[in-house]
Amino acid sequence: MKFITYNDSPGGIYKSQVIDVCRFLETNFHISVELIAFVSARTFINDRKKIKALYKNATVLPSFPGINNWRKNIWILNGYMLLRKRDAAIARGVFATILAIDSGKFSRVCFDSRAAYAAEWKEYLSKESPVIAAEMSKLEKDALERSNFRIAVSEKLVDYWKENYGYSKNGHVVIPCTIASSIEKPNAVPNMRTEIGIVDTDVLLVFSGSAAGWQSMKDLYRILESAFQNNSNLKLLLLSKDAPDIEFLKKFPGRIIHRWVEPEQVPAYLSAGDYGLLYRENSITNKVSSPVKFAEYLAAGLPVIISNNVGDYSVFVKEKNCGQLFDSVDWANLKKTTEEEKNRIRQIAISQFTKSAHAEMYRRLL
């Protein structure tokens, strides 16, 4: 089997959602999985080194320059597959799926859909390429209809297919973004709270991630500003490469800890917290999403404070009693999370967000 990715950077998400999946399929179903990764020609040498270090059975190919020229990569794919067996392929995203189908070099192609692509390009990515943004609805429909099978990251994404493309088949499985194999076991560091300056009376909120458009950081800071004013025990651990709004930082000196750490260090920092923050604006992109951060917060034992309409998870937190919605939080009376509660929430993560928990879905896919 082949696993094809296009223009995905080999970071933490790539490791947990691509590399770990390849290993899981090999280990649990005893099949050989070759990863074929198209990466930017500008970062080819560095990306190839990283991917090969993570997964030996990987072929890394430089993609044709220019996002608008993505279709030209079919010549690179055809050339690579010229004398190779016509295996089945899992293709991550619209571009990889259409390239795999159009090449005719694969016996069957599974569309591994990570988002509502037309909505994402319209809502957040249109500046990167107005041309692709204008045609993404057609491309997404093409990938959906011509693929032999599909992976959706949420039930809400399947609903989006039905509403926008008339999808009526049952040829799909729903597998949410799962935690990395390396954090399936608790990774708490006993002195981490002390190390980052947290005392017993503090309630530590954690935000981990980028400040990309769909994160709606300005709205989050507005909510936190009011929360900080109502509860002097609240502190924020901001695990992000991007600096917080400078005005927000000035208003609460000593209460906002800003760190940027290596991916393997993140679980230890998360375990020091009391609540994980997952704020998203009300958009189609967020409505169908499956943020891996949700699973990572739970794996660290953190109840998640989440927006309405975030994939399947806004309902999930109420059903599993593992968090709160932003609009229902009593910030003034928010308390520390007990170790007993953290252990209960970790078990939810293990039972719902490991790859083993979705083994039956992977079996159906195969």
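Each value, and the rule that gives it
Residues numbered from 1 in each chain as written. Predicted model: local features only at pLDDT ≥ 70, side-chain atom pairs only at ≥ 80, totals over all residues. Heavy atoms only, no water. Phe/Tyr/Trp six-rings, centres within 6.5 Å; stacked < 30°, edge-to-face > 60°. Helix = DSSP H or I, 4+ residues; strand = E, 2+ residues; numbered from the N terminus. Buried < 20%, exposed > 50% of the residue type's maximum accessible area, 1.4 Å probe, protein only. Axes fitted to C-alpha atoms, helices over the stretch in contact; angles between N-to-C directions. Parallel < 35°, antiparallel > 145°, perpendicular 65-115°, else oblique. Left-handed = near helix turned anticlockwise from the far one by under 90°. Contact = heavy atoms within 4.5 Å. Nonpolar A, V, L, I, M, F, W, Y, C, P; charged D, E, K, R; others polar. Pairing = 2+ DSSP bridges. Core = buried A, V, L, I, M, F, W, Y, C linked by side-chain atoms within 4.5 Å.

Student: Would you mind going over the packing of aromatic side chains with me for this structure?
Tutor: The relative placement of two aromatic rings is captured by the distance of their centres and the angle of their planes. Tallied over the full model, the rule gives 18 aromatic pairs. A centroid spacing of 6.4 Å and a plane angle of 25° characterise the contact between F111 and W161, whose relative ring orientation is stacked. Residue F111 is located in strand β5 (residues 109–113), and its partner W161 is located in helix α7 (residues 155–165); the two are separated by 50 residues in the primary sequence. Like F111, the residue W161 is buried in the burial classification. Relative to F353, the ring of F294 has its centre 5.8 Å away and its plane inclined at 75°; by these criteria the two rings are edge-to-face. With a gap of 59 residues between them, F294 in helix α13 (residues 292–299) and F353 in the loop between α15 (339–352) and α16 (359–365) connect regions that are remote in the sequence.

Student: Sorry if this is basic, but what is going on with the packing of helix α4 (residues 94–103) against helix α6 (residues 130–146) here?
Tutor: Packed helices, taken two at a time, are described by their axes: the angle between them and the distance between them. Where α4 meets α6, the axes come as close as 9 Å, and the angle between the chain directions of the two elements is 55°. Taken together, the axes of α4 and α6 are oblique relative to one another. In the crossing of α4 with α6, the sense of the turn from one axis to the other is left-handed. Contact residues: V94, F95, T97, I98, I101 and D102 in α4; I132, M136, L139, E140, D142, A143 and R146 in α6. In terms of residue class, the contact of α4 with α6 is built from eight nonpolar, one polar and four charged.

Student: I would appreciate a short explanation of the sheet that holds strand β9 (residues 234–239) in the present structure.
Tutor: Strand pairing in a sheet takes place through backbone hydrogen bonds and is either antiparallel or parallel in direction. Here six strands make up an open sheet; going across it, the order is β10-β9-β8-β11-β12-β13 and the pairing parallel. The outermost strands of the open sheet, each flanked by one partner alone, are β10 (256–259) and β13 (323–325). The average angle at which neighbouring strand axes cross in this sheet is 20°, direction not considered. Bridge count for strand β8 (residues 203–208) against β9 is six bridges, and the pairing is parallel. The residue bridging L205 from the neighbouring strand is L236, located in β9. Helix α9 (residues 217–230) contacts β8, β9, β10 and β11 (275–278) of the sheet and is inclined by roughly 155° relative to β9.

Student: Quick question: what am I supposed to make of the nonpolar core here?
Tutor: Within soluble globular proteins, side chains that are nonpolar generally end up buried alongside one another. Membership of the largest hydrophobic core comes to 48 residues, with the highest contact counts inside it found for M136 and Y160. The element contributing the most residues to this core is α4, with seven residues. Sequence-distant contacts of M136, defined by excluding residues within four places in its chain, comprise V94, F95, Y117, A118 and W121. Counting residues in each nonpolar core, the second largest holds 37 residues, with I183, I196, L325 and F353 among its members.

Student: What should I look at first to understand unusual backbone geometry in this one?
Tutor: For residues other than glycine, phi is negative in most cases, and the peptide bonds are mostly trans. Non-glycine residue H30 carries a positive phi angle of around 55°. Tracing the backbone through its elements, the reader meets H30 in the loop between α1 (12–29) and β2 (34–39). By relative accessible area, which is 69% here, H30 ends up exposed. For N309, which is not a glycine, the phi torsion comes out positive at approximately 60°. You can see N309 is positioned in the loop between β12 (304–306) and α14 (313–320).

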